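# Tertiary structure, described
Each chain, written out:
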Amino acid sequence: MLHTVTLGSHGPEVGAIGLGCMGMSWAYDPSARDEDTSAGVLRQALDLGVNLIDTADVYGPFTNEELVGKALAGRREQAVLATKVGFVAGEQRLRRDGRPEHIRAAVDASLRCLGTDHIDLYQLHRVDPEVTLAETWGAMAETVRAGKVRMLGLSDVSAAPHPVPPGDPVPRTGNSTESETAPVSTEAEAEAP
């Protein structure tokens, strides 16, 4: 039996090992990709107790979320589904986008691609230097209040370059080298001033 941990302070129990799905449809050798094999890996992971499934809208873009959604069809309740926002594939390169209007549109697109009515953990993939973290986080908190997302988190984000004044509702996290994902908010915490 796989050791479990609590995600965040009040979140669900997840296997101590999660499954990152990026390589199933993005970033590595395209000739080595096979959707049926990847879907089988996802289902086998659930069978083994690996229930934290991680993806992002930028992977593909969106094709990874579609793959994960199809693979989880009929087994969604067994998975703790994590996806990320804020990193966008442009024509020439990846760019960061933490604008509230992007967050709002992206969560709806992710829900469609994943074929689900909620995301368990919605993470900011990268901080957009053109948008304050408080503004981005506020838009992400809206997704929790709207019932689209259960928890919020930060991925590959360090607190060092993003100072936040005391009392600001932005989460604080250390350098995330120990863990790619730092879940920091539940529904009640997202609404706190």
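In every chain, residue numbers begin from 1 and rise along the written sequence. The predicted nature of this model means local features are confined to residues of pLDDT at least 70 and side-chain atom pairs, given and counted, to a pLDDT of 80 or more, with totals for whole chains, interfaces and linings taken over all residues. Heavy atoms throughout the structure, all of them, feed into the side-chain values; hydrogens and water do not.

### Observations regarding the overall build of the protein
A run of H or I in DSSP counts as a helix once it spans at least four residues, and a run of E counts as a strand once it spans at least two, with each numbered from the N terminus. On a plain count of helices and strands, the protein comes out with five helices and ten strands. Residues count as neighbours in contact if any of their non-hydrogen atoms are within 4.5 Å of one another. The long-range share in the protein, meaning contacts at least 24 apart out of those at least 6 apart in sequence, stands at 70%.

### As for the packing of aromatic side chains
Classification of ring pairs uses Phe, Tyr and Trp, with its six-membered ring standing for Trp, and accepts pairs whose centres are within 6.5 Å; under 30 degrees between planes counts as stacked, over 60 as edge-to-face, and the remaining range as tilted. Scanning all chains against the criterion turns up one aromatic pair. Taking the centre distance of 5.4 Å and the plane angle of 25° together, the rings of Trp26 and Tyr59 count as stacked. Taken together, the residues Trp26 in the loop between β3 (19–20) and α1 (35–47) and Tyr59 in the loop between β4 (52–54) and α2 (63–71) connect sequence positions 33 residues apart. With relative accessibility at 22%, the residue Trp26 sits in the partly exposed group. Only protein chains enter the accessibility calculation, which uses a 1.4 Å probe; a residue whose area is less than 20% of its type maximum is buried, one above 50% is exposed, and one in between is partly exposed.

### Considerations on the pattern of salt bridges
For salt bridges, the criterion is a side-chain nitrogen of Lys or Arg within 4 Å of an Asp or Glu carboxyl oxygen. With the rule as written, the count across this model stands at ten salt bridges. For Arg75, the salt bridge is made with Asp47, and the minimal N-O distance between the two is 2.6 Å. Taken together, the residues Arg75 in the loop between α2 and β5 (80–85) and Asp47 in helix α1 connect sequence positions 28 residues apart. According to the relative accessible area criterion, Asp47 is exposed, its value standing at 52%. One salt bridge in this structure joins Asp120 and Arg150, with 3.8 Å as the shortest N-O distance. On the criterion of sequence distance, the pair formed by Asp120 in strand β8 (residues 119–124) and Arg150 in strand β9 (residues 149–155) is long-range, its members being 30 residues apart. The structure contains a network of salt bridges with shared partners spanning Arg95, Asp97, Arg99 and Glu101.

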